[in-house]
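Tertiary structure, described
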Amino acid sequence: MAQDYYKTLGVNKSASADEIKRAFRKLAHEYHPDKKTGNAEKFKEINEAYQTLGNEDKRRQYDQFGQTFPGGGRPGGGYYGGNPFGQGFGGFNQGNVNFDFGDAGDLGDIFGSFFGGAAGGRQTPRRGADLQTELTIDFKEAVFGAEKTIELNKQIICDICGGSGAEPGSKINTCKTCNGRGRVVRAQQTFLGTIQTEAVCPQCQGAGQMPENKCHKCHGNGHVRGSEKIKITIPAGIDNGQSLRLSGKGEAGEKGRSGDLLVRIRVRSHAKFRRDGFNIYSAYHLSVKQAILGDKVEIETVDGSVNLKIPEGTQSQTKFKLPGKGVTHLNARGRGDQIVEVIVDIPKNLSRADKKLLEQIKI
């Protein structure tokens, strides 16, 4: 029974060219025979489907005629012939295959990722891993910014060799295994036959050079386990849950190439202030007398105390705005506002005399 190419790739008939390409790449990586999850027959089916659906003209013919169109994917078809990989690799030579991954397109990318890629120069030294940590700061430090120092135990650049991996004063020689190329040619047996590929030199790890004497402290790795103090600049206006990325402050890698450090910020709550966006909210309690007659009161802000005029007849839950007394705008100018909500406290347990006075007042 002929296979349904759309079903093979797991896409709808209305799928775009990009959707088809993404589906093919995902499945090809999953079923590649060199992986534990590999399946040679499934891989052939996936490739056959993509060779048709990935080509605009062939896809149009397939949609019209199915697999019976001239040159279709059936065995012996004009384009594919008996080889399900068709012209995607440029043909086979008596079971021995040489791939040119530089022009092979999508299939070249996939095979290159498993077999070491096309002929090329030295491999870039491996970058160190990224790290994550949390830092707790005070409410006002989030408003105005701060400088903090943390200490992390991680892979750090070796202080003896400076990350080179060589003993100080030692000569750096050309790698004899790869003759300075950083890569070696290998012959690998696959279901396609013998494939010649290039891989990273196992001796120099792609550097093309080897120190005559490895560093006695890091043993040639360029990094060691240790403790590092890191200064962190907290920007004004940062909020709880936001993160800072510090480039090069993660784990040290080869030749000093360090990963990044991601710092997640936690902001302590404040007893009197609450933040919403770049505004700060607070409450102030008034007596009945202050609410009725009005008053001038001191309001606490993150900048200190300021005076606020309470007009006569102020109702409970009335809100007053203090412009520019909020949070600094993150990476921008200006600040939010402070919103003060007044709460009128109703007295309890009044004396008889107080009650009589209130009864005499016509409110």
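The structure we're discussing is the one just above.
**Overview of unusual backbone geometry**
A positive phi angle is found at Asn179, which is not glycine, with a value near 55 degrees. Relative to the helices and strands, Asn179 resides in the loop between strand E4 (172–174) and strand E5 (183–190). Unusually for a residue other than glycine, His219 sits at a positive phi of about 60 degrees. Mapped onto the secondary structure, His219 falls in the loop between strand E7 (209–211) and strand E8 (223–234). Overall, the relative accessible area of 57% leaves His219 in the exposed class.

**Side note on the side chain of Ser258**
Locating Ser258 in the fold gives a position in the loop between strand E9 (243–246) and strand E10 (261–267). Among residues more than four places away in sequence, those in contact with Ser258 are Arg127, Gly128, Ile157, Gly248, Gly250, Glu251, Ala252 and Gly253.

**Considering the pattern of salt bridges**
Throughout the structure, instances matching the rule amount to 18 salt bridges. Between Glu41 and Lys44 there is a salt bridge; the shortest N-O distance is 3.9 Å. One end of the pair is Glu41 and the other is Lys44, both in helix H3 (residues 40–53) and 3 residues apart, which spans about a single turn. The closest approach of N and O atoms between Glu141 and Lys148, which form a salt bridge, is 3.0 Å. Given a relative accessible area of 18%, Glu141 falls into the buried group. Lys148 gets classed as partly exposed once you look at its relative accessible area, which sits at 23%. The network of salt bridges with shared partners includes Arg127, Asp130, Arg245 and Asp260.

Calculation notes
- Starting from 1, residues in each chain are numbered consecutively following that chain's sequence as written.
- A pLDDT threshold of at least 70 governs which residues receive local features in this predicted model, and a stricter bar of 80 or more applies before side-chain atom pairs are shown or counted, although totals over entire chains, interfaces and linings include all residues.
- Values shown for side chains rest on all heavy atoms present in the structure; no hydrogens or waters enter the calculation.
- Numbering of helices and strands runs from the N terminus, with a helix taken as a DSSP run of H or I at least four residues long and a strand as a DSSP run of E at least two residues long.
- Only protein chains enter the area calculation, which uses a 1.4 Å probe; residues under 20% of their type maximum are buried, those over 50% are exposed, and those in between are partly exposed.
- Any pair of residues with heavy atoms lying within 4.5 Å of one another is described as a contacting pair.
- Any Lys or Arg side-chain nitrogen located within 4 Å of an Asp or Glu carboxyl oxygen qualifies as a salt bridge.

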